Amino acid sequence: MKIKTKEMDYDQILALKPYVHKKPVKQLGILRWIIGVYTFFSLKRVNFSVEEIGMDKLGAEEPCLILMNHSSFVDLEIIGRIFRKRPYQIVCTLDGMVGKEWLMRLVGCIPTKKFITDAVLVRDLVYTVRKLKSSVVMYPEASYSFDGTATPLPDSIGKCLKLLQVPVVMVRTYGAFLRDPLYNGLQLRKVKVTAEVKYLLSPEDIRNKTARELKSLLDQQFSFDHFRWQQENKICVTEAFRADFLNRVLYRCPHCEAEGQMLGRGIQISCRQCGMAYELTEEGWLKAVNGETKINHIPDWYRWERECVREELLQGTYLLDEDVDIYILVDMKYIYKVGEGHLRHTKEGFHLTGCQGRLDYIQKPETSYSLYSDFYWYEIGDVICIGDSARQYYCFPKEEKDVVAKARLAAEELYKIVKENAGKEKAV
């Protein structure tokens, strides 16, 4: 999938009228029917099946909050198929509306900005369930998983449930990540995809629990490991490209600890500095082909990288320092390319400069619990997105270096460190 882009001078961008919020529009029934028919045929390719648990508790016309883990684009097709008989609105990222706002609104999309506090979104959700009498579909992780495990949930998710006071339904997918992992460059694998749809919480359950208890429950529900599931169920991914671009996620060698020297090609990932190579087996294990296997599980490798990043942050040695191409989101017409710049990330946060000195944006670590970063974003390239409620800046590193995953890890760990330090100061 691509996105509409346009080159424009930075000063012209500042003169543009920004996106103006609009209330959600009730989903057009005929479009939901068309989506249901389309997804029936598209999901036949993955032999899709669904299991329902406790869904008889949900009234046929009762609005609910539908929470789903986010694995790949097929998630949207699954929602369209499962809920084809129920009106729903779906929370999506604002850039997903670019160039097609009118259609996306009729489909039922509610736009928001990832990892940015958005009080307007909360009002839109309340309006949807109470006025439009529609259900709300939300991917609370807000981003695709890099390593096949859950990404952090916002601290505010429990408060959101308390505010909406509608039943909560959990949709968990199996096989969707293995079919199309984000790192693999849109290369689809032949993997069966299934879903479990579970009635998770009633309005009474929500009233009887605190926001913190609800957040803890959802953290448990969003605890998963797609590679472990593959291994335990002996699901074979036989494609010869299954390790292509795995270096986007596994960017640091566990043997010589060099960064940016990993190369994922075919069925192997190897280090160009020390020569160590691992095979990604058909059942999802990592196996050294020329020495000792130090790490045999992709999420374990990614977790080790997280620990390394945290140590760098604590020691004050962490640094991202990249020349970037800059795109800006202002309205729903285009993503505007405004030129070149420089992105720096330290324990002090992000600092973006560019456009011949006219652009200077600083984002502190406590701004967000995670980072909007992506691989091969809309087929443009790997991206790091920062910004506020006024503008979002999409930064594409000019050199082909694996910095996106590390930047997300650093942003998440920085947020934790800042919160921990604030807690200690408060205790004193």
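This text follows the structure it describes.
The structure presented is a predicted model; accordingly, all values stated were derived computationally and were not measured. (Residues numbered from 1 in each chain as written. Predicted model: local features only at pLDDT ≥ 70, side-chain atom pairs only at ≥ 80, totals over all residues. Heavy atoms only, no water.)

A word on a nonpolar patch on the surface
Taken together, the side chains of Leu28, Ile30, Trp33, Ile34, Val37, Phe40 and Phe41 present a nonpolar region at the surface, about 690 Å² in accessible area. Locating Ile34 in the fold gives a position in helix H2 (residues 29-44). (Patch = residues over 30% accessible without salt bridge, like charges linked within 9 Å, V, L, I, M, F, W, Y side chains within 5 Å. Areas by Shrake-Rupley, 256 points an atom, 1.4 Å probe, with all protein chains shown as cover. Salt bridge = Lys/Arg side-chain N within 4 Å of Asp/Glu carboxyl O. Helix = DSSP H or I, 4+ residues; strand = E, 2+ residues; numbered from the N terminus.)

Some details on the packing of helix H5 (residues 119-130) against helix H6 (residues 157-164)
It is at 10 Å that the axes of H5 and H6 come closest, and there the two elements cross at 35°. Seen from above, H5 lies across H6 with right-handed handedness. Taking contact as the criterion, the partners of Val122, Leu125, Val126, Val129 and Arg130 in H5 are, on H6, Cys160, Leu163 and Leu164. Looking at the contact of H5 with H6 residue by residue, the classes come out as seven nonpolar, no polar and one charged. (Axes fitted to C-alpha atoms, helices over the stretch in contact; angles between N-to-C directions. Left-handed = near helix turned anticlockwise from the far one by under 90°. Contact = heavy atoms within 4.5 Å. Nonpolar A, V, L, I, M, F, W, Y, C, P; charged D, E, K, R; others polar.)

As for the sheet that holds strand E10 (residues 268-271)
Each strand in a sheet pairs with its neighbour through backbone hydrogen bonds, running either in the same direction (parallel) or in the opposite one (antiparallel). One open sheet holds the four strands; their spatial order is E9-E10-E11-E12, and the pairing between them is antiparallel. The open sheet has two edge strands with one neighbour each: strand E9 (262-265) and strand E12 (286-288). The mean inter-strand angle of the sheet, taken between neighbouring strand axes irrespective of direction, is 25°. The pairing of strand E11 (residues 277-280) with E12 spans three bridges and is antiparallel. Paired with Leu280 across the bridge in E12 is Leu286. (Pairing = 2+ DSSP bridges.)

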